[in-house]
Amino acid sequence: MQGAALILHNHRHYAKHSANFIVFVDPSSPDTLSMAAKAIVARGAACVMSWSVADFRVPAYEPSDWQTIKDIVGLQRAIKLLYFNDSVAPSWVTSLPMSLKRYFHEDAELDEDSVMEDTLLHMDVCALQLLSITAELGRNIDDVKLYRDGINLDTAQATFRHAFRVPNYTYGFNTAEQQEYDKAAAHPFGEERRSAIHAVCKEYVRRTVGELGIEDASAVFTPFSSLIQANLMAPNTSELIVCGPLTEANQFVRLVGAREIFVQGGSLNPKGTLLGHTSNFQADPAAASALTIYAAVRRIALSFVGTGVIKNSVWEIRDAEMRQVFQWSEILQTFYRRYQQDLRVKGDYHLFGLATLAVSTNPQLQQALLMSTVRTSFTQDEDGTPILGFEVQQEPTVVGLYNCGTADKMMATRSTLLEMMRI
């Protein structure tokens, strides 16, 4: 494995070959990491990681406080980004019990130096998690191509409150690192907490780059611009899968084109989602709007695999089935169990990313779903947040939205889905 360091290092500043299959992921959950791992191992995909904003100063909601928080402030206030007016907290925050007030600091963005540093370290940890998974699955990391664009403060933004985010970056920690993290996480909001978490994450990075034979964490990513440059030699030939913000996918398609695009997210009835709409689109609504319009104008096939295809449908995955899907990856089994616990969710698993990947390649699964040709448009919620909406069109369009089909049809294809998702 020692050769991996040299090869990755030499590829940092350019990509020699175009990629005909590219996945774009927000790396902040096992769902997207498992989809990326499957695409890399099974199809040699290039992987573009969107920026996932982190603020290590902020303590996450304790599971024991979660129900009380929802009862007192409501779900929307608990999860939506909180901004103060001239640094003055709103009255509903100042009136909270002291036991809950510790969670409701103003949410910081990347224009704060500490958040930028936390985000860069978080991205390195997530990339090493993905490389560890692909190595566990037998993929030579010399052949794994991870790309990242430069930070744009206008588009690289948090979607949920930092306190609502789960500590996904800890899922690869060994026992000693986890013990140190637990001590660090016990600190209240502030720099002491942040400094202690930084130390643990840096130890994880040091250990993991050694185990993988990588020179250092900076050798993991290749600039996204080099992938665009390489693919300009073969425009309109790539298939794209997007499970995250549409920022980089929009940039790629407008410069290079694409043969086909599948996006996870969207619904004709989005009330079942946390924000009332898909968070992928809120992360960069301008990119979501631009991509859908450009695809329609250029006649690029664009399909959304709706949230309802998995959530509250017969395609939800039970624990025994999750173990079957990830039978060759103890890492992913651990990640998913931790994620469910941290999400304060009991019940079955929602494998949105792997389902999107499976639907994109399997006509039988596509036929089990309801496909609507749609027109997209943006509205705003009561807070002025842009929402990407879908309106069914009778005339054919190049934009399609897969929705949950009948229970009988979806149950009949369940074994096919499980087989297609297996890693």
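Some thoughts on the packing of aromatic side chains
Taken as a whole, this structure holds 16 aromatic pairs when the rule is applied. When the centroid spacing of 6.2 Å and the interplanar angle of 65° are considered together, the rings of F173 and Y181 count as edge-to-face. Take F173: its relative accessible area is 10%, and that puts it in the buried class. Each member of the aromatic cluster is reached from another via a ring pair, and the members are Y61, W66, W92, Y103, F104, F160 and F164. If you follow R43 out to its NZ or CZ, it ends over the ring of F21, 3.7 Å from the centre.

What to know about the pairing of strand β3 (residues 145–148)
Of the strand pairs in this sheet, strand β2 (residues 46–49) and β3 are connected by 3 bridges, and their pairing is parallel. Bridging across to β3, C47 finds its partner in L146. Where β3 lies against strand β4 (residues 221–223), 3 bridges are found, and the strand directions are parallel. Counterpart to R148 in the pairing with β4 is P223.

Some remarks on the state of the cysteines
One pass over the structure, following the stated rule, counts 0 disulfides. Considering cysteine sulfurs only, C243 is the nearest to C47, which forms no disulfide, with 10 Å between them. The exposure class assigned to C47 is buried, which follows from its relative accessible area of 0%. In this model C404 remains outside any disulfide bridge; the closest cysteine sulfur is found in C243, 18 Å from its own.

A short note on helix α10 (residues 224–231)
Of all 8 residues in α10, 6 are buried; the element is thus mostly enclosed. Along α10, the residues that are buried comprise F224, S226, L227, I228, A230 and N231. Elements that come into contact with the buried residues of α10 comprise β1 (21–25), β2, β3, β4 and α11 (247–256).

Quick notes on helix α2 (residues 30–43)
With 14 residues, α2 ought to run about 20 Å at 1.5 Å a step, and its terminal C-alpha atoms sit 19 Å apart, in line with that. When you tally the buried positions in α2, you get 11 out of 14 residues, the bulk of the element. At the C-terminal side of α2, G44 shows a positive phi close to 65°.

Things to note about the environment of M411
Of note, M411 is situated in helix α18 (residues 407–412). Judged by relative accessible area, which is 47%, M411 ranks as partly exposed. For the pair M411 and W315, spaced 96 residues apart in sequence, the C-alpha to C-alpha distance is 7.5 Å.

Brief notes about the packing of α2 against helix α15 (residues 330–342)
One can describe the packing of α2 onto α15 by two numbers: an axis separation of 10 Å at closest approach and a directional angle of 160°. In terms of orientation, α2 lies roughly antiparallel with respect to α15. The two elements α2 and α15 cross, and the hand of that crossing is left-handed. Every residue of α15 that contacts α2 at P30, D31, L33 and S34 is listed here: L332, F335, Y336 and Y339. Along the lines of polarity and charge, the residues of the contact of α2 with α15 split into 6 nonpolar, 1 polar and 1 charged.

A word on unusual backbone geometry
In the Ramachandran plot, R299 falls in the positive-phi region, its phi being about 60° despite a non-glycine side chain. If you trace the backbone, R299 turns up in the loop between α13 (285–298) and β7 (301–305). If you check the backbone angles, N312 has positive phi at about 60° while not being a glycine. Mapping N312 onto the fold places it in the loop between β7 and α14 (319–325).

Observations regarding empty space enclosed by the protein
Overall, the coordinates contain 2 cavities of 30 Å³ or more when judged by the stated rule. As for the largest cavity, its lining consists of 15 residues, of which D55, H162, R165, V166 and Y169 are closest to the centre. Taken as a whole, the second largest cavity holds about 30 Å³ of empty space. Along its surface, the second largest cavity is lined by Q264, V305, G306, V309, I310, F352, A355 and T356. If one sorts the elements of the lining of the second largest cavity by residue count, helix α16 (residues 352–361) sits on top with 3 residues.

Comments concerning the packing of α10 against α11
At their nearest, the axes of α10 and α11 sit 10 Å apart, and the two run at 30° to each other. The angle between the axes of α10 and α11 places the two elements in the roughly parallel class. Seen from above, α10 lies across α11 with right-handed handedness. On the side of α10, the interface is formed by F224, L227, I228 and N231, while α11 contributes E248, Q251, F252, L255 and V256. The residue inventory of the contact of α10 with α11, partitioned by class, reads 6 nonpolar, 2 polar and 1 charged.

Some thoughts on the nonpolar core
Among the nonpolar cores identified, the biggest contains 83 residues, and L146, W315 and M421 are the most heavily contacted of them. With 9 residues, the single largest contributor to this core is helix α7 (residues 113–136). Those residues in contact with W315, other than ones at most four positions away along the chain, are V309, I310, V359, L365, A368, L369, M410, T413, R414 and L417. Counting 34 residues, the second largest nonpolar core, distinct from the first, contains Y147, F224, A287 and A288.

The rules behind each value
Residues numbered from 1 in each chain as written. Predicted model: local features only at pLDDT ≥ 70, side-chain atom pairs only at ≥ 80, totals over all residues. Heavy atoms only, no water. Phe/Tyr/Trp six-rings, centres within 6.5 Å; stacked < 30°, edge-to-face > 60°. Buried < 20%, exposed > 50% of the residue type's maximum accessible area, 1.4 Å probe, protein only. Lys NZ or Arg CZ within 6 Å of the ring centre and 35° of its normal. Pairing = 2+ DSSP bridges. Helix = DSSP H or I, 4+ residues; strand = E, 2+ residues; numbered from the N terminus. Disulfide = S-S within 2.5 Å. Contact = heavy atoms within 4.5 Å. Expected span 1.5 Å × (residues − 1). Axes fitted to C-alpha atoms, helices over the stretch in contact; angles between N-to-C directions. Parallel < 35°, antiparallel > 145°, perpendicular 65-115°, else oblique. Left-handed = near helix turned anticlockwise from the far one by under 90°. Nonpolar A, V, L, I, M, F, W, Y, C, P; charged D, E, K, R; others polar. 1 Å grid on protein atoms, 1.4 Å probe; cavity = no way out; pocket = protein on both sides within 12 Å on 5 of 7 lines; lining within 4 Å. Points joined across faces, edges and corners; volume = space filled by probe spheres on them. Core = buried A, V, L, I, M, F, W, Y, C linked by side-chain atoms within 4.5 Å.

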